[in-house]
Amino acid sequence: MIRTASWYTAPGYDPYENLAREEYFLSHLQPGECLLYLWQNQNTVVIGKNQNCWKECHVTKLEQEDGHLARRLSGGGAVYHDLGNLNFTFLCRPEDYNVDRQTSVVLKAVQSLGIAAEKTGRNDLTVNGRKFSGNAYYESRQGCYQHGTLLLAADGEKMSAYLNVSREKLAAKSVASVRARVCNLTEYLPDLTPQQMCQALLQAFGCSYGTPTPFDPGRLDQNAVEKLVQKYKSPAWKYGSRLDFGYEFGRRFSWGEVQLQFAVKGGQVDGCRVYTDSLDTTFAQPLGEALVGKAFCAPSLCAAIAAFFGSSGPRAKLAQDLANLIEDQL
């Protein structure tokens, strides 16, 4: 049961520091605490844990223009952050984690400003069918979080220049470009500032969880946070290892997009990468490892997928979709 509501606003705009602090909070929550963390990144593309950065983002252009590529712990798709965007994170221990309750805080905050916001799709908040906020999630035994974006006055030109949204995803949304499927809240409230949005969030947070108190900065171990900063800055984390693959195919499903890359030697899978924007972050890397050593043919790969996921349970559809994809391609 939530007994303490606390809040913390990041002091700067560095994405690696902000993500490191978020991960630190995750394992240092007090029993019965819900923490609302508010933060902003400057000129940054943040990708999901299991995404291929080279496919989702024009990395070279971004970095040549003093932008930052960052990879988060959670799943979901790539997003563009600048100072016209406000990010929020709800952090709780597993027994207190409630996505519906947390999402309602954001909806009520935006609605309190006179904007007709609603929840649509698997993780989007919209106005008139256009997205202003996407959410992603992460769960561990120590803590869980839900985080998301709030587009207030983000630079649409840079968003379009840096993000490489697939045609299948756009077609599923029935729009022609990434800019067409999103909106800034200043289109509905021209004078809205990040500070006003923060206040609306804190007020809605207090209505749902009780009067929040500032998070004590003394609870932050700066040495531990700095170690996490170095992780998020590292090329190995940001870019991931690149596979010298010979076969690649993918498809969009109801649970997200997936891309499979295979290196094949002597008719066997020598290496495999599974990239996805699925909100489920737990299957991509181990599935790729499970396919290594299997014969590069549909029966062998489909059997390995069935063994990995099982033939029943919540992942049965995911397993069947992947098997159908492989059978269609091979």
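The structure displayed is predicted, hence computed values, not measured ones.

J.: Where do I start with helix α10 (residues 284-291) in this structure?
T.: Note: α-helices contain 3.6 residues per turn, so residues at a spacing of three or four share the same orientation. Along α10, the residues classified as buried are Ala284, Leu287, Gly288 and Leu291. Projected down its long axis, α10 carries its buried residues within an arc of 100°, all on one side. Each element contacted by the buried residues of α10 is listed here: β13 (256-265), β14 (268-276), α11 (298-309) and α12 (316-329). Just past α10, the residue Gly293 takes up positive phi, approximately 90°.

J.: I'm lost on the side chain of Asn52 in this one. Help?
T.: Position of Asn52 among the secondary structure elements: in the loop between β3 (44-47) and α2 (53-56). Here the side chain of Asn52 touches Trp54 through a polar contact of 3.1 Å, landing on its backbone nitrogen. Contacts of Asn52, omitting those with residues within four sequence positions, involve Gln259, Gln261 and Tyr275.

J.: Could you clarify how one ought to interpret the packing of aromatic side chains in this entry?
T.: The relative placement of two aromatic rings is captured by the distance of their centres and the angle of their planes. Enumeration over the complete set of coordinates arrives at 20 aromatic pairs. With a centroid separation of 5.1 Å and 45° between ring planes, the pair formed by Phe205 and Tyr209 is classed as tilted. Residue Phe205 and its partner Tyr209 are located together in helix α7 (residues 194-209), separated by 4 residues, close to a single helical turn. Taken individually, Phe205 and Tyr209 each receive the classification buried, so the pair is uniform in this respect. An aromatic cluster is built from Tyr8, Phe25, Tyr37, Trp39 and Phe215, whose rings are joined through pairwise contacts. Across from the ring centre of Tyr232, 4.6 Å away, lies the NZ or CZ of Lys231, which sits over that ring. Above the plane of the ring of Trp237 lies Lys231, whose end atom (NZ or CZ) is 4.5 Å from the centre.

J.: Honestly, the nonpolar core in this entry has me stumped. Any pointers?
T.: Nonpolar side chains in soluble globular proteins tend to be buried together. One finds Phe132, Leu150, Leu185, Met197 and Leu201 to be the most contacted residues of the largest nonpolar core, which totals 32 residues. For this core, the secondary-structure elements that each account for two or more residues are β2 (33-39), β6 (85-92), α4 (99-111), β8 (124-127) and α7. Residues contacting Met197, with those up to four places away along its chain left out, are Leu86, Ala109, Val110, Leu113, Leu150, Leu152, Leu185 and Leu192. Of all hydrophobic cores here, the second largest spans 26 residues; its members include Val269, Cys272, Leu325 and Ile326.

J.: Hey, could you run me through the packing of α4 against α7 in this one?
T.: To characterise two packed helices, one gives the angle between the axes of the helices and the distance between these axes. Where α4 meets α7, the axes come as close as 8 Å, and the angle between the chain directions of the two elements is 135°. Of the possible angle classes, the one that applies to α4 and α7 is oblique. Regarding α4 and α7, the two cross each other, and that crossing is right-handed. Contact residues: α4 offers Arg101, Gln102, Val105, Val106, Lys108, Ala109 and Val110, while α7 offers Met197, Ala200, Leu201, Ala204, Phe205, Ser208 and Tyr209. A breakdown of the residues in the contact of α4 with α7 according to their chemical character gives 10 nonpolar, 2 polar and 2 charged.

J.: What is the right way to look at the sheet that holds strand β9 (residues 130-139) in this model?
T.: Sheet strands pair by backbone hydrogen bonding; their relative direction is either parallel or antiparallel. Taking strand neighbours across the sheet as the criterion, the 8 strands line up as β7-β8-β9-β10-β6-β2-β1-β11 in an open arrangement whose pairing is mixed. Each edge of the open sheet carries a strand with a single partner, namely β7 (118-120) and β11 (213-214). Sheet analysis places β2 next to β6, joined by 6 bridges and oriented antiparallel. Bridging across to β6, Leu36 finds its partner in Phe90. Sheet strands touched by α7: β1 (4-9), β2, β6 and β10 (144-151). Its angle to β2, the strand with the most contacts, is close to 170°.

J.: Please clarify how the sheet that holds β13 should be interpreted in this entry.
T.: The sheet built from 3 strands is open, its strands ordered β12-β13-β14 with antiparallel pairing. Two strands bound the open sheet, and with one partner strand each, they are β12 (247-253) and β14. Sheet twist, expressed as the mean angle between neighbouring strand axes with direction ignored, is 15°. In this sheet, β13 lies alongside β12 in antiparallel orientation, the contact comprising 7 bridges. Within β13, the position partnered with Phe249 by the bridge is Leu260.

The rules we used
- Residues numbered from 1 in each chain as written.
- Predicted model: local features only at pLDDT ≥ 70, side-chain atom pairs only at ≥ 80, totals over all residues.
- Heavy atoms only, no water.
- Buried < 20%, exposed > 50% of the residue type's maximum accessible area, 1.4 Å probe, protein only.
- Helix = DSSP H or I, 4+ residues; strand = E, 2+ residues; numbered from the N terminus.
- Arc of directions from axis to C-beta.
- Contact = heavy atoms within 4.5 Å.
- Polar contact = N/O pair within 3.5 Å; in protein donor to acceptor, adjacent residues only side chain to side chain.
- Phe/Tyr/Trp six-rings, centres within 6.5 Å; stacked < 30°, edge-to-face > 60°.
- Lys NZ or Arg CZ within 6 Å of the ring centre and 35° of its normal.
- Core = buried A, V, L, I, M, F, W, Y, C linked by side-chain atoms within 4.5 Å.
- Axes fitted to C-alpha atoms, helices over the stretch in contact; angles between N-to-C directions.
- Parallel < 35°, antiparallel > 145°, perpendicular 65-115°, else oblique.
- Left-handed = near helix turned anticlockwise from the far one by under 90°.
- Nonpolar A, V, L, I, M, F, W, Y, C, P; charged D, E, K, R; others polar.
- Pairing = 2+ DSSP bridges.

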